[in-house]
Amino acid sequence: MRLTSSLRFHRQNNKTFLGIFMILVLSCIPGRTNLCSNHSDTRSSLDSLDLEGYITFDDVHNASKDFGNRYQFPPLAILHPKSVSDISTVVRHILHLGSTSNLTVAARGHGHSLQGQALAHQGVVINMESLQNPDIKIYREKQPYVDVSGGELWINILKETLKHGLSPKSWTDYLHLTVGGTLSNAGISGQAFKHGPQINNVYQLEIVTGKGEVVTCSEKLNPELFHSVLGGLGQFGIITRARISLGPAPHMVKWIRVLYSNFSTFSRDQEHLISKMKGFDYVEGFVSINRTDLLNNWRSSFSPNDSTEASQFKSDGKTLYCLEAVKYFNKEETNSMNQETEKLLSELSYIPSTLFSSVVPYIEFLDRVHHGEIKLRAKGLWEVPHPWLNLLVPKSSIIEFSTEVFNNILTSNNNGPILIYPVNQSKWNKQTSLITPSEDIFYLVAFLPSAVQNDLEHLLRQNQRVLNFCAEAKMDVKQYLPHYETQREWRSHFGNRWETFAKMKHEYDPLAILAPGHRIFQKATQLYPIQLQSEAKMDVKQYLPHYETQREWRSHFGNRWETFAKMKHEYDPLAILAPGHRIFQKATQLYPIQLQ
């Protein structure tokens, strides 16, 4: 009896001590003593703002995810603005709250980001498509342009400008994206070799900065902000309006596809085409790895130049490279267009039996991906995880890159297309925030799979193998639509332009309120301001280390990494032990521990 009473007394004392200890610990954490009250107060303060539009707090499911479909971060609220003033009011309010709230802001267009970039966990998501704006205004001057809302879809701009015989010059492959979304990244497609990306074709922007200020900027007015916002990943301001360059719109296009079995020949021909002053208007390409009946699949949209030869061509078990080119024309120019096209094709070294072509309206060609989207949605295959990886690879590395990636790392591309095509650096404005390789010619290589067969982890490991190879080969490869887990990786991405990028962030978004999904900066407080100085190169090592990526673990171990990995392989060959450190993923026969 005495022993039982004693145990009960000790248990009660332990519970009392634990309770007191937890109260003391929580009371020492700033901003954590009254979480429910703070959350409720923040919501009430947002709800009380005088807006032309409105804020919702309940139906936030769609704003919790993006096209990548790998992350789910619900916001606290969604702003449906009817004016630029609504956006400015909300941003100013959050700035005024300062460090008393954790609110951040993400401008969301069509939600086509891949890794949570358009999300704001327990923050405010701005539904840019609801931004009320006047009719799309087109100005037919010596240099025609169109004024549009940052929440306008490119497909709507195309339809409206075509009524005037005009259209933007540079596109993305998919047009159901917002102006603000693509201009915050770059906007790249097969016209970029000729006109540069979309960010090169903008005359003026209207921005709401992280201070809530509404600023107009251009090459001559606030040029530093103008260039920083273009390709700036939404870090300096929300694009609420854009003035976009226009050119004459053709009525029709001739759309051509040809195949190559040799990558060197394929890339040489692509580079030849983008070097010509008067050539094709669009040049892209894609890789086909072990695809069955590739040419037969084309027949639904294209016609073979020689049907008999095409039917005898076999694609099974081969790695093939498709060059895709387009020539714009009006109906009265058909004969001259055909002559020019034949002349251009005669300069190439493709497999003759694989020449396919089609003539379609200009708008049908530009909106081609949307037709595929409709089919995938009908099959329930659109809203699936999309572990995409977009890289910019310098010309000097493209042969080595293709040899390793397309012959060794990838065994098929049945999950989705792999785009590959060169662009000219000379056509790109180097003053924008977009980071590219330093060489004059570099390639966009886009791996665009859909995880539809419980193969997400396999596809992610495949992406990481590609990135590891590029790092180990010391290629000057840059991510397009970049995603990194740590600020150290972001610093490496920006290189010697990091300090300028961080200073602009500090000037126009001092609390790091905007675009938190990129994970470049954490919301700043008086205790933890944005770091502007370059990191000192100290040989500091973490004790009880924690890293998010194997690349960081390799850096931590330095020249002892290989020994460490070999010991792991010898004594824990399937990587069963201690997974919480995230050094190795559990191995399989297909994906053993990487020792190199």
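Keep in mind that this is a model prediction, so the values were computed, not measured. Numbering of residues starts from 1 in every chain and runs along the sequence as written. Given that the model is predicted, a residue must reach a pLDDT of at least 70 before its local features are reported, and side-chain atom pairs must reach 80 or more before they are shown or counted; all residues, however, enter totals for whole chains, interfaces and linings. As a convention, hydrogens and water are excluded, and side-chain values are obtained from all of the structure's heavy atoms.

A. Layout of the sheet that holds strand 2 (residues 77–80). Strand order across the open sheet formed by 4 strands is 1-2-4-3, with mixed pairing between neighbours. One side of each edge strand has no neighbouring strand; the edge strands of this open sheet are strand 1 (54–56) and strand 3 (105–108). Strand-to-strand twist in this sheet, taken as the mean axis angle between neighbours without regard to direction, amounts to 25 degrees. Where strand 3 and strand 4 (residues 124–127) come together, 4 bridges link them in parallel fashion. For Val-105, the partnering residue across the bridge sits in strand 4 and is Val-124. A pair of strands is labelled paired if DSSP reports no fewer than 2 bridges between them. Runs of E in the DSSP output that reach at least two residues are strands. Runs of H or I that reach at least four are helices, and both are numbered from the N terminus. As a rule, the C-alpha atoms of each element are fitted with a line to give its axis, helices using only the stretch in contact, and angles between N-to-C directions run from 0 to 180 degrees.

B. Region of interest: the environment of Asn-201. Relative to the helices and strands, Asn-201 is located in the loop between helix 6 (192–195) and strand 8 (202–209). Along the backbone, Asn-201 and Asn-429 are 228 residues apart, and their C-alpha atoms lie at a distance of 9.8 Å. Whether two residues touch is decided by their heavy atoms; if any such pair falls within 4.5 Å, the residues are in contact. The contact partners of Asn-201, leaving out residues within four places of it in the chain, are Lys-169, Ser-170, His-195, Gly-196, Arg-243, Ile-244 and Ser-245.

C. The arrangement of the sheet that holds strand 18 (residues 441–447) in detail. Read across the sheet, 9 strands follow the order 13-15-11-14-12-17-18-16-19 without closing on themselves; strand pairing throughout is antiparallel. Of all strands in the sheet, those with a lone pairing partner are strand 13 (303–304) and strand 19 (478–480), marking the two edges. Strand direction decides the pairing type here: strand 13 and strand 15 (residues 356–361), joined by 2 bridges, are antiparallel. When the sheet's bridge partners are listed, Ser-303 is paired in strand 15 with Ser-357. Contacts from helix 14 (residues 398–409) reach strand 12 (282–289), strand 14 (319–329), strand 16 (389–394), strand 17 (418–424) and strand 18, with the element oriented near 15 degrees to strand 18.

D. Spotlight on the packing of helix 8 (residues 263–274) against helix 14. The interhelical angle for the contact between helix 8 and helix 14, taken along N-to-C directions, is 135 degrees, at an axis separation of 10 Å. Accordingly, the angle class assigned to the pair helix 8 and helix 14 is oblique. The handedness of the crossing between helix 8 and helix 14 comes out as right-handed. Contacts between helix 8 and helix 14 involve Phe-263, Ser-264 and Ser-267 from the former and Ile-398, Ile-399, Ser-402 and Phe-406 from the latter. When residue character is reported, Ala, Val, Leu, Ile, Met, Phe, Trp, Tyr, Cys and Pro are called nonpolar, Asp, Glu, Lys and Arg charged, and the others, Gly included, polar. Among the residues forming the contact of helix 8 with helix 14, the class breakdown is 4 nonpolar, 3 polar and no charged. Angle categories are assigned with fixed cut-offs, so that under 35 degrees is roughly parallel, over 145 is roughly antiparallel, 65 to 115 is roughly perpendicular, and the rest are oblique. By definition, any crossing whose near helix is turned counterclockwise from its far helix by less than a right angle is left-handed, and any crossing with a clockwise turn is right-handed.

E. Seen up close, the pattern of salt bridges. Just to be clear on terms, a salt bridge is a Lys or Arg side-chain nitrogen sitting within 4 Å of an Asp or Glu carboxyl oxygen. With the rule as written, the count across this model stands at 17 salt bridges. Its salt-bridge partner being Lys-395, residue Glu-271 comes within 3.3 Å of it at the nearest N-O pair. With Glu-271 in helix 8 and Lys-395 in the loop between strand 16 and helix 14, the pair connects residues that are 124 residues apart, well separated along the chain. Via salt bridges that share partners, Lys-65, Glu-373, Arg-377 and Glu-383 belong to a single interconnected network.

F. Here's a closer look at the nonpolar core. Counting 77 residues, the largest nonpolar core has Leu-183, Leu-205 and Trp-298 as its most contacted members. Examining the composition of this core, we find that 5 residues originate from one element, helix 17 (residues 498–508), more than from any other. In terms of domain composition, this core takes at least three residues from each of domain 1 (137–249) and domain 2 (252–479). Discounting chain neighbours no more than four positions away, the residues touching Leu-205 are Leu-183, Val-215, Thr-216, Cys-217, Phe-226, Val-229, Leu-230, Ile-239, Arg-241 and Ala-242. Put simply, buried Ala, Val, Leu, Ile, Met, Phe, Trp, Tyr and Cys residues joined by side-chain atoms within 4.5 Å make one nonpolar core. Here's how the labels work: a residue is buried when its accessible area is under 20% of the maximum for its type, exposed when over 50%, partly exposed in between, all with a 1.4 Å probe on protein chains only. An automatic or database domain assignment provides the domain bounds reported here.

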